[in-house]
Amino acid sequence: MELVIKKDAGEGALSAAAVLARLVSQKPECVLGLATGGTPVPVYRELVRRHQEEGLDFSRVTSFNLDEYLGLGPEHPQSYAAYMREHLFDKVPVRAAHLPDGLARDVPGFCAEYEDRIRRSGGIDLQLLGLGSDGHIGFNEPGSSLASRTRIKTLTERTRKDNARYFGSPGEVPKHVLTMGVGTIMDSRHCLLLAFGEKKAKAVAEAFEGPVSHMVPASALQWHPQLTVILDEAAASHLTRADYYRWVYDRKPDWQRWE
Ligand code: F6R
């Protein structure tokens, strides 16, 4: 595990964009796993800037999003499909962008087909992840199987409360979602998890310094062979070994740093 602590979310987002940009430059036909929510917004802003000002080319990239609210079609303003168009795809065209279908009628059939699409694309090279304040990745809530695949999940009250800011009130947040499973995420060749702000500090410490447990689904990433975690100081504030992580990163050669 590589743990990078940046001064604030702005700097963390620039580092995360550097991870994505390096892959897209080195492997223009790469497969990206993408996340939504508040955390990646400045990352996508920087990718749009790199595309428009520096010519970073995404035209051969294939992407798969982690999750979607069940019952929301792509035209619904709170759907993750709409989010992705607003923050990335309207400005940075990719070759093919896949999202779970919030209106799928045959949910198990759709989920199996989504897994199949990921496999047929050659698998995800780099999976971008946020972190729920309850330790979820994707929408794999506490108690999720660490071997799970894409499927329907029920959101916790806490997640519905966290996401109420987009809908008006927790009661308006859909109860069900389609999400890649923890096992699906673990199959990605490189996982990049971002967490910013004090609200994430407890989940960060539990996920990366606590035991592996399905009660903290992000802790499964301790088993991932290539994991990069980018935090700001506030999100790192409950880590007992933060000084060591800083010391290690500060001594890395330039080619191992995400600037
Ligand atoms: C979003 C996703 C979620 C979020 C997490 C954090 O596609 O899969 O796991 O990454 O809920 O959300 P924010 O970034 O809004 O704090």
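Residues numbered from 1 in each chain as written. Predicted model: local features only at pLDDT ≥ 70, side-chain atom pairs only at ≥ 80, totals over all residues. Heavy atoms only, no water.

(A) Expanded view of the layout of surface pockets. There is about 420 Å³ of room inside the largest pocket. Residue lining of the largest pocket: 24 residues in total, with T36, G37, L131, H136 and K200 positioned closest to the centre. Among the residues forming the lining of the largest pocket, the class breakdown is eight nonpolar, eleven polar and five charged. Approximately 340 Å³ is the volume attributed to the second largest pocket. E2, H190, Q226, T228 and W258 are, among the 18 residues lining the second largest pocket, the residues nearest its centre. Elements supplying a minimum of two residues to the lining of the second largest pocket: α1 (9-26) and β10 (227-232). Per-element accounting of the lining of the second largest pocket gives the leading share, four residues, to α1. (1 Å grid on protein atoms, 1.4 Å probe; cavity = no way out; pocket = protein on both sides within 12 Å on 5 of 7 lines; lining within 4 Å. Points joined across faces, edges and corners; volume = space filled by probe spheres on them. Nonpolar A, V, L, I, M, F, W, Y, C, P; charged D, E, K, R; others polar. Helix = DSSP H or I, 4+ residues; strand = E, 2+ residues; numbered from the N terminus.)

(B) Structural detail: helix α2 (residues 41-54). Taking 1.5 Å of rise per residue, 14 residues should cover 20 Å, and α2 covers 19 Å from first to last C-alpha, within 8% of that figure. Of all the residues in α2, the buried ones are V41, V43, Y44, E46, L47, V48 and R50. The secondary structure elements touched by the buried residues of α2 are α1, β2 (31-34), α3 (80-89), β6 (126-129) and β9 (190-195). Positive phi appears at G55, one or two residues downstream of α2, with a value of about 75 degrees. (Expected span 1.5 Å × (residues − 1). Buried < 20%, exposed > 50% of the residue type's maximum accessible area, 1.4 Å probe, protein only. Contact = heavy atoms within 4.5 Å.)

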